[in-house]
Amino acid sequence: KAGVTQTPRYLIKTRGQQVTLSCSPISGHRSVSWYQQTPGQGLQFLFEYFSETQRNKGNFPGRFSGRQFSNSRSEMNVSTLELGDSALYLCASSDRAGYGYTFGSGTRLTVV
Amino acid sequence: GENVEQHPSTLSVQEGDSAVIKCTYSDSASNYFPWYKQELGKRPQLIIDIRSNVGEKKDQRIAVTLNKTAKHFSLHITETQPEDSAVYFCAYRGSTLGRLYFGRGTQLTVWP
């Protein structure tokens, strides 16, 4: 069974630009959640999608948005990038009952 | 409440010794408690989890205990090996499906 796949693995962007990250969950998993990981703040919850609907949202500004497609793949978009957005962005998928969250390898975003 | 306190933040042990990491949570509706291991530059990997109807779960050298009355859960690693060196995160899921709340992590170092 394939794991959670995130693309791209690395990104370097300039302040003010926007970026789109992709996450393909484990086959059969319909929940995809996104986290930002930084040394100072740890793992911070961004949002979660289930069956193409945003079900949960963390405390991030509106520049952070996402969506989920009918095949459960999810994308996360960050607009007007700031230096502080540099982080490892992780997505996780889980089964219908909400157990067994499996993380992808993440996208390392660097904003310069 | 959504806080989860994780202690200690760093832990150094000699190979063969035991390591214990403790987390305290405040949400009485919490019913799922996973633990993740993250090696440097890699994704968080689920190593063991426990549900609220169980007090203890064991998997070879790793065990997790849950005390719902006191609202804390612990990870126990016995016969530690250098390859156990990593950052360990506790997490819990409250009444909201799709979202995990993470502790700040414990850097475990096992010296040969």
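Every residue gets a number counted from 1 within its own chain, in the order that chain's sequence is written. To read the labels, note that chains go from A and ligands from 1, taken in the order they are written. Only residues with pLDDT of 70 or above have their local features reported here, since the model is predicted, and side-chain atom pairs are shown and tallied only from 80 upward, although totals for entire chains, interfaces and linings are computed over all residues. Side-chain metrics in this entry use all non-hydrogen atoms of the structure; hydrogen atoms and water are not considered.

(A) Expanded view of the overall build of chain B. Scanning chain B from terminus to terminus reveals zero helices and eleven strands. Per the convention used, a helix needs a DSSP run of H or I reaching at least four residues, while a strand needs a run of E reaching at least two, with both numbered from the N terminus. The linear arrangement of helices and strands in chain B, starting from the amino end, is β-β-β-β-β-β-β-β-β-β-β. The principal-axis extent of the C-alpha atoms belonging to chain B is close to 40 × 30 × 20 Å. When a residue's accessible area, from a 1.4 Å probe over protein chains only, is under 20% of the maximum for its type it is buried; when over 50% it is exposed; and in between it is partly exposed. Sorting the 112 residues of chain B into buried and exposed places 44% on the buried side. By definition, residues are in contact when any of their heavy atoms lie within 4.5 Å. Taking as baseline every contact in chain B between residues at least 6 positions apart, the subset at least 24 positions apart corresponds to 54%. Only four residue types enter the tally: Lys and Arg on the positive side, Asp and Glu on the negative side, with His and both chain ends excluded. Here the site of a charge means NZ on Lys, CZ on Arg, CG on Asp, or CD on Glu. Seen as two clouds, the 13 positive and the 12 negative side-chain charges of chain B have centres 8 Å apart.

(B) Representation of the nonpolar core in the model. All names here are of chain B. Here, nonpolar core refers to any group of buried Ala, Val, Leu, Ile, Met, Phe, Trp, Tyr and Cys residues whose side-chain atoms link them within 4.5 Å. If you look at the biggest cluster of nonpolar residues, it comprises 24 residues, and the most contacted ones within it are Phe33, Trp35, Phe73, Leu75, Ile77, Tyr88 and Leu108. Of all the secondary structure elements, the ones that give two or more residues to this core are strand E2 (10-14), strand E3 (19-25), strand E4 (32-38), strand E5 (45-51), strand E7 (62-67), strand E8 (72-77), strand E9 (86-92) and strand E11 (106-111). Ignoring anything within four residues of it in the chain, the contact list for Leu108 reads Leu11, Val13, Ala19, Ile77, Asp84, Ser85, Ala86 and Tyr88.

(C) Spotlight on the interface of chain A and chain B. The interface is formed by 25 residues belonging to chain A together with 17 residues belonging to chain B. At the boundary of chain A with chain B, total buried surface from both sides reaches about 1,800 Å², with 53% on carbon and sulfur atoms. If you sort the residues of chain A by the area they bury against chain B, Tyr99, Tyr101 and Phe103 of chain A come out on top, with a joint share of 36%. Here a salt bridge means any side-chain nitrogen of Lys or Arg lying within 4 Å of a carboxyl oxygen belonging to Asp or Glu. Along the contact surface separating chain A from chain B lie zero salt bridges. Counted as a polar contact is a pair of N or O atoms within 3.5 Å, where, for protein atoms, one must be capable of donating a hydrogen and the other of accepting one, and residues adjacent in sequence contribute only when both atoms are in side chains. Between the two partners, chain A and chain B, sit eight residue pairs in polar contact (both at pLDDT 80 or more). If you list the elements that add at least two residues to the side of chain A that touches chain B, you get strand E4 (31-38), strand E5 (42-50), strand E6 (53-57), strand E9 (87-94) and strand E10 (102-103) of chain A. A 1.4 Å probe defines the accessible area here, and the buried area is the portion of it lost by two parts on being joined, summed over both.

(D) Fine view of the state of the cysteines. Any pair of cysteine sulfurs within 2.5 Å is marked as a disulfide. Applying the stated rule across the entire model yields two disulfides over all chains. One disulfide bridge connects Cys23 of chain A with Cys91 of chain A, the sulfur atoms lying 1.9 Å from each other. For the disulfide bridge between Cys23 of chain A and Cys91 of chain A, the dihedral angle about the S-S bond is near 75 degrees, and by the sign convention the bridge is right-handed. One end of the pair, Cys23 of chain A, is in strand E3 (residues 19-24); the other, Cys91 of chain A, is in strand E9, with 68 residues separating them in the sequence. Overall, Cys23 of chain A belongs to the buried group, its relative accessible area being 0%. One disulfide in the model links Cys23 of chain B with Cys90 of chain B; its S-S distance is 2.0 Å. Where Cys23 of chain B bonds to Cys90 of chain B through sulfur, the torsion about that S-S bond is close to -100 degrees, and the disulfide is left-handed. Highlighted residues: Cys23 of chain B in strand E3 and Cys90 of chain B in strand E9, separated in sequence by 67 residues. For the pair shown, Cys23 of chain B and Cys90 of chain B are each scored as buried.

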